[in-house]
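Single-letter residue listing:
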Amino acid sequence: MAEKATLLVELLTEELPPKSLRALSEAFAEHVVGALLKAQLAAPAPSLAVYATPRRLAFTVAEVAASAAGRQSEVTGPPVNAPAQAIAGFARKHGLTAEQLERRESPKGPVMLARVRIKGAVLDEILPGMIEEALKALPIPKVMRWGAGEAQFVRPVHGVVMLHGERVVPGSVLGIAAGHSTAGHRFLGSPTISLRSADEYAERLEKDGKLIAGFAARRAEIDRQLKAAAVKESADLGGYADLLDEVTALVEYPQVYAGGFDRAFLEVPAECLILTMRQNQKYFPLFDGAGHLLARFLIVSNMQVADPRHIIAGNERVVRPRLEDARFFFNQDRKVRLEARVPQLAKVIYHGKLGTQLERVQRLQLLAGSIARQLKSDVVLAERAAWLSKADLLTGMVGEFPELQGVMGRYYALHDGEPREVADAIEQHYRPRFAGDALPESLVASAVALADKLDALAGLFSIGQVPTGERDPFGLRRAALGLVRILVERQLPLVLDALLDGAFAPFAAKATAELQTFIYERARGYWRERGYTANEVEAVLCLAPTRLDLIPRQLEAVRAFSALPEAESLAAANKRIGNILKQAGAVPAEFDPGLMVLPEEKSLATTFGRLQPDVDRAFTALDYTGALKSLASLKAPVDAFFDKVMVMDKDPRVRANRIGFLGKLHGTMNRIADLSKLAT
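This one's a predicted model, so the numbers in the text were calculated from it and none came from an experiment.

(A) Broad picture of the pattern of salt bridges. This structure, assessed with the given rule, holds 48 salt bridges. We note a salt bridge from D124 to R167, for which the minimum N-O separation is 2.8 Å. Here the residue D124 occupies a position in helix α3 (residues 123-137), and R167 occupies one in strand β10 (residues 167-168), the gap between them amounting to 43 residues. Residue classification places R167 among the partly exposed positions, given a relative accessible area of 32%.

In structure tokens form, the structure reads like this:
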């Protein structure tokens, strides 16, 4: 293998999409490095450094060879008795004479064999193509052309650097010839930086270019400055990780400054101001120790200057109209009561095949009331909350900031004098909005939240809008998982079958079984993420339990049973019984102890008869662990039964009796979970 050196690849572009910058840079580097490994130009697990700024994608890979060693290869050819012309042509194709070929035995008889040396990959020859292929493979939804050429990328590319050690790798990418010159910060750094070697890339950019090339390093520096500035302001930053990633993709040489706004704006709900600052201005709002919004914020600027007053003043001047807009929407929206907006939902289409938002609200009201009745909660409050739940979609604030739907509904409901429980349910009925989000707190809010998710699931399933593969445009997987979480974590004693029947009632097409399966699939993932094995989860969910709130007890019982020394044998026996019953077809509902003739079957029947009342009592008391543990005493008589008793006896009465007994035993053993799923 030829001399090794660090390889630098850099694309200089116009401003890249900030939300995907990090992903683009990592995918770009990984694709090229994968190609280098395949070409045997880089060692396994090479030292890789990925760089990404608003105007560049780059990476360095250590110990990359200029060329790979050649290798010997054997190529089989025509049979040895083929015409001499065919054999000569085969030899000539591989740069050999017929005399240089060898004979080799094969399953089809002796054939001619050519030993050829395959040239190793050469970096200069393949690197430009590797880069072009990597760029085509990036997760970019839209590309663009620029200038007079045919090159396409997410943003125009203005420069390419390909350095192998101190040497420029010849070639071009997207029609641009590679060189050794990069560019610094647009205002603070050198416009042109001539690199002497790939190894000095990051250092030269920071020293001469006045920018931090590494995404992670730049993020850490911004985070450090934010925390220091917050301490200086005697404030907290709240949750800011997502915004931190986005801002890191917007600046090259970060500097944090503190600004403020008129305290009078604090009369507007904090959520509106926070969203305005974070989403529109990319500012970091500050909070006091109790979590209340302060009239202060932090700016991450791309300029480090001795006197930042003009930067701070400029940002304060820019944010004021945004805050004024929020205040205007808030004041205007409160002039119309939520209940007065509900009829206008008739003009808003929910789905072309499912009617308007008003029709949906009418369905939600009925379903939420029914669920509240089952929960022995306040039906009137649940129906009122459901009736008002979508009214804020017609407000100016939610029109400007759709993320605030529900949140603003709560504020407006309180302003209208609605009961606090109704207002809270309007906000909380969207929960959980994402993984790990809080759940509805009250029974009223839970009833409306369940109704919202059930109506969406049943409605869309009824018209065939079922998620396929990665496609889930209506967020039905999230809705189903939210349904599972509310039922389980809020411990709501609701029957899933009844919930689905109620949800499908307004729709002509019923896809109850299909939706139930879909919900159980989400439940499988939910429980596996909580540390239960696939077998434990399947043992419970294959029974299609209708009370999801009881599944935690069932899973704990299965885990406790699995720890028993008798568990493996009983699980195997259970599986054997299940197979026998499948083969038998019809299983008698009862059995006659008087028809039991062998001591082993009598012993098992006696033990089972003594045990069954205890299992029934434990099951009724929801002591599932106790019920399953009590089955341990069946091990010895079950083992003896299968040792000595032939179930398929030639006497049809005896055979039917034994099958009926096994059916009873199987039903009791699998009342809480299908124990056969635990058999290894």
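(B) Just the nonpolar core, in detail. By size, the foremost hydrophobic cluster in this structure holds 134 residues, and its most contacted members are I371 and L634. Per-element tally for this core: the top contributor is helix α15 (residues 443-462), with 12 residues. Those residues in contact with I371 that lie beyond four places of it in its chain are A447, L450, A451, L454, L494 and L499. Core analysis: the second largest hydrophobic core is formed by 43 residues, V32, L36, F153 and I176 among them.

(C) Local environment of helix α7 (residues 270-281). Compared with an ideal rise of 1.5 Å per residue, which puts 12 residues at 16 Å, α7 spans 16 Å between its outermost C-alpha atoms and is within 8% of the ideal. For α7, the complete set of buried residues consists of C272, L273, I274, L275, T276, M277 and Q281. At its buried positions, α7 is contacted by β16 (284-287), β17 (293-301), α8 (309-333), α12 (396-400) and α13 (407-415). Immediately downstream of α7, the backbone of K282 shows phi near 60 degrees, a positive value.

(D) Layout of the sheet that holds β16. Read across the sheet, 3 strands follow the order β15-β17-β16 without closing on themselves; strand pairing throughout is antiparallel. Of all strands in the sheet, those bounded by a partner on one side alone are β15 (255-260) and β16. Sheet twist, expressed as the mean angle between neighbouring strand axes with direction ignored, is 35 degrees. Strands β15 and β17 of the sheet are contacted by α8, whose axis makes an angle of about 50 degrees with β15.

(E) Examining the environment of I212 more closely. Along the polypeptide, I212 turns up in the loop between α4 (201-207) and α5 (215-232). Considering only alpha carbons, one finds I212 and Y253, 41 residues apart in sequence, at a separation of 5.9 Å. Those residues within four positions of I212 in sequence are excluded, and the remaining contacts are T53, E206, A217, R218, E221, E252, Y253 and P254.

(F) Expanded view of the packing of α5 against helix α6 (residues 241-248). Closest axis-to-axis distance for the α5/α6 pair is 9 Å, and the angle between their directions is 125 degrees. One way to sum up the angle between α5 and α6 is to call them oblique. Of the two elements, α5 crosses α6, and the hand of that crossing is right-handed. Together, F215, R218, R219, I222, D223 and L226 of α5 and A241, L244, D245, V247 and T248 of α6 make up the contact between the two elements. Looking at the contact of α5 with α6 residue by residue, the class counts come to 6 nonpolar, 1 polar and 4 charged.

(G) Spotlight on the pairing of strand β2 (residues 48-53). Where β2 and strand β3 (residues 56-65) come together, 6 bridges link them in antiparallel fashion. What sits directly across from A49, in β3, is T60. Hairpin connection between β2 and β3: a loop of 2 residues separates the two successive antiparallel strands.

(H) Structural context of the packing of aromatic side chains. For the structure on display, the rule yields 16 aromatic pairs. Seen from their ring centres, F28 and F59 are 5.5 Å apart, and the 75 degrees between their planes marks the pair as edge-to-face. Within this pair, whereas F28 is found in helix α1 (residues 21-38), its partner F59 is found in strand β3, the two being separated by 31 residues in sequence. We note that F28, like F59, is buried. Pairing Y240 with F284 gives two aromatic rings, centres 6.0 Å apart and planes at 75 degrees, and the pair type is edge-to-face. In this pair, Y240 is assigned in the loop between α5 and α6 and F284 in strand β16, connecting sequence segments 44 residues apart. Relative accessible area serves as the criterion here: at 16%, Y240 is assigned to the buried category. Counting every residue linked through ring pairs, the aromatic cluster contains F591, F608, F641, F642 and F661. Cation over ring: R522 sits above F518, and NZ or CZ is 4.7 Å from the ring centre. Lying over the aromatic face of F619, R671 brings its terminal NZ or CZ to 4.0 Å of the ring centre.

What counts and what doesn't
Residues numbered from 1 in each chain as written. Predicted model: local features only at pLDDT ≥ 70, side-chain atom pairs only at ≥ 80, totals over all residues. Heavy atoms only, no water. Salt bridge = Lys/Arg side-chain N within 4 Å of Asp/Glu carboxyl O. Helix = DSSP H or I, 4+ residues; strand = E, 2+ residues; numbered from the N terminus. Buried < 20%, exposed > 50% of the residue type's maximum accessible area, 1.4 Å probe, protein only. Core = buried A, V, L, I, M, F, W, Y, C linked by side-chain atoms within 4.5 Å. Contact = heavy atoms within 4.5 Å. Expected span 1.5 Å × (residues − 1). Pairing = 2+ DSSP bridges. Axes fitted to C-alpha atoms, helices over the stretch in contact; angles between N-to-C directions. Parallel < 35°, antiparallel > 145°, perpendicular 65-115°, else oblique. Left-handed = near helix turned anticlockwise from the far one by under 90°. Nonpolar A, V, L, I, M, F, W, Y, C, P; charged D, E, K, R; others polar. Phe/Tyr/Trp six-rings, centres within 6.5 Å; stacked < 30°, edge-to-face > 60°. Lys NZ or Arg CZ within 6 Å of the ring centre and 35° of its normal.

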